[in-house]
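# Structural description and commentary
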Amino acid sequence: METKGQLLTAAANAAIAAGGEIMEVYTDPAQDFGIELKADNSPLTQADRRADATIAAALKPTGISILSEESAHAPYPERSSWQRLWIVDPLDGTKEFIKKNGDFTVNIALAEGGRPTMGVIYVPATRELYWGAPGMGAGKLTAVGTEARFASASELAAKSAMLPLAGGPRPFTVVASRSHLNAETQACIDGLCAEHGHVATLSRGSSLKLCMVAEGKADVYPRFAPTMEWDTAAGHAIAVAAGCEVVSADNGQPLRYNKPDLHNPWFIVRRPAASTPKP
């Protein structure tokens, strides 16, 4: 059986390789992205499909089952027997990808017993890599080109800045979605303003919102709109490894994974000192 370090290395290399496939499509001036609409009206592009195939091939040698947004999902009676699984979003933020604003990511998480215990997020447009695992902490690398590969988790950690990053004084900061700033989220932000006085806001797409809290650039990410397990699993693992919590807005319990219904409840990501009222 492969060690956690070997699995983390495999996930990181798979995410970077998938990022290479995505950027080939993204930077091709003749590419129309091959956009299709899925049953839920969300977009699917050639980049999603190429990244999904690359990750599946890279993770196959681990022998661990994969739950990917872009592949057929095993029925729950089968999935419920999986003690651990990869949860993958090969291109998170497809709308941002189509808009060409750079806020899209590759998300790979390892879940065990319903909890995400390892996560990797690669940002192809900015060449940033986030990772987190129990006992290893969480880290961020910059200037990670799509040709990069890591030989070991030790090499990955040695080249990383550990999260959260040190920073100067800043106001209490909320990160919100570029595409889903609804009335409930605004009500939460208004409540935080009443509690903390001046509150700064960041707007990011895809799983980068979880990364902003893990990195220490934001204190809270309230999500009061629909998400799926593959949207959050990798960022959840990274945030927890960086000392944050990812909990249901209803009951304050950590999000669970590999559920019969793969939708997440509304949730809150926060740094330890952050206090967030319900909407």
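Residues numbered from 1 in each chain as written. Predicted model: local features only at pLDDT ≥ 70, side-chain atom pairs only at ≥ 80, totals over all residues. Heavy atoms only, no water.

## A word on helix α2 (residues 46-59)
Over its 14 residues, α2 runs 20 Å from end to end, which matches the ideal 20 Å to within 8%, given 1.5 Å per residue. If you follow the buried residues of α2, they end up packed against α1 (4-26), β2 (43-44), β3 (66-68), β4 (84-92), α4 (94-99) and β5 (105-112). Between the side-chain oxygen at the start of α2 and the backbone nitrogen of Ala47 there is a gap of 3.2 Å, and the oxygen is on Thr45. (Helix = DSSP H or I, 4+ residues; strand = E, 2+ residues; numbered from the N terminus. Expected span 1.5 Å × (residues − 1). Contact = heavy atoms within 4.5 Å. Polar contact = N/O pair within 3.5 Å; in protein donor to acceptor, adjacent residues only side chain to side chain.)

## Some words on helix α8 (residues 229-241)
Look at α8: 18 Å from first C-alpha to last across 13 residues, which is about the 18 Å you get at 1.5 Å a residue. If you look at α8, its biggest bend is around 25°, right at Gly235. Burial within α8 is extensive, with 11 of its 13 residues counted as buried. What α8 keeps buried is the set Glu229, Trp230, Asp231, Thr232, Ala233, Ala234, Gly235, His236, Ala237, Ile238 and Ala239. The positive-phi residue at the C-terminal boundary of α8 is Gly243, with phi of around 95°. (Bend = angle between axes of the 7 residues up to and from the residue. Buried < 20%, exposed > 50% of the residue type's maximum accessible area, 1.4 Å probe, protein only.)

## Overview of the confidence of the model for the protein chain
Low-pLDDT stretches of the model should not have their predicted coordinates read in fine detail. Summarising the model, the protein chain shows a mean pLDDT of 92, and 96% of its residues fall at 70 or more. Long-range and interchain partners of residues 274-279, a stretch whose pLDDT sits below 50, account for 20 contacts in this model, where long-range means more than four residues apart. (pLDDT = per-residue confidence, 0-100.)

## Observations concerning unusual backbone geometry
Of note, the bond from Leu163 into Pro164 is cis; its omega dihedral lies within 30 degrees of zero at 0°. Examined against the element boundaries, Pro164 turns out to sit in the loop between β9 (161-162) and β10 (172-177). The backbone of Ser206 sits at a positive phi, close to 55°, despite the residue not being glycine. Mapped onto the elements of the fold, Ser206 is located in the loop between β11 (199-204) and α7 (208-215). One non-glycine residue, Asn258, lies in the positive phi region at around 60°.

## Digging into the pattern of salt bridges
Taken as a whole and judged by the stated rule, the model has 12 salt bridges. With its nearest N and O atoms 2.9 Å apart, the salt bridge here joins Glu155 to Lys159. What emerges from the salt-bridge pattern is a single network uniting Glu128, Lys140, Glu215 and Lys217. (Salt bridge = Lys/Arg side-chain N within 4 Å of Asp/Glu carboxyl O.)

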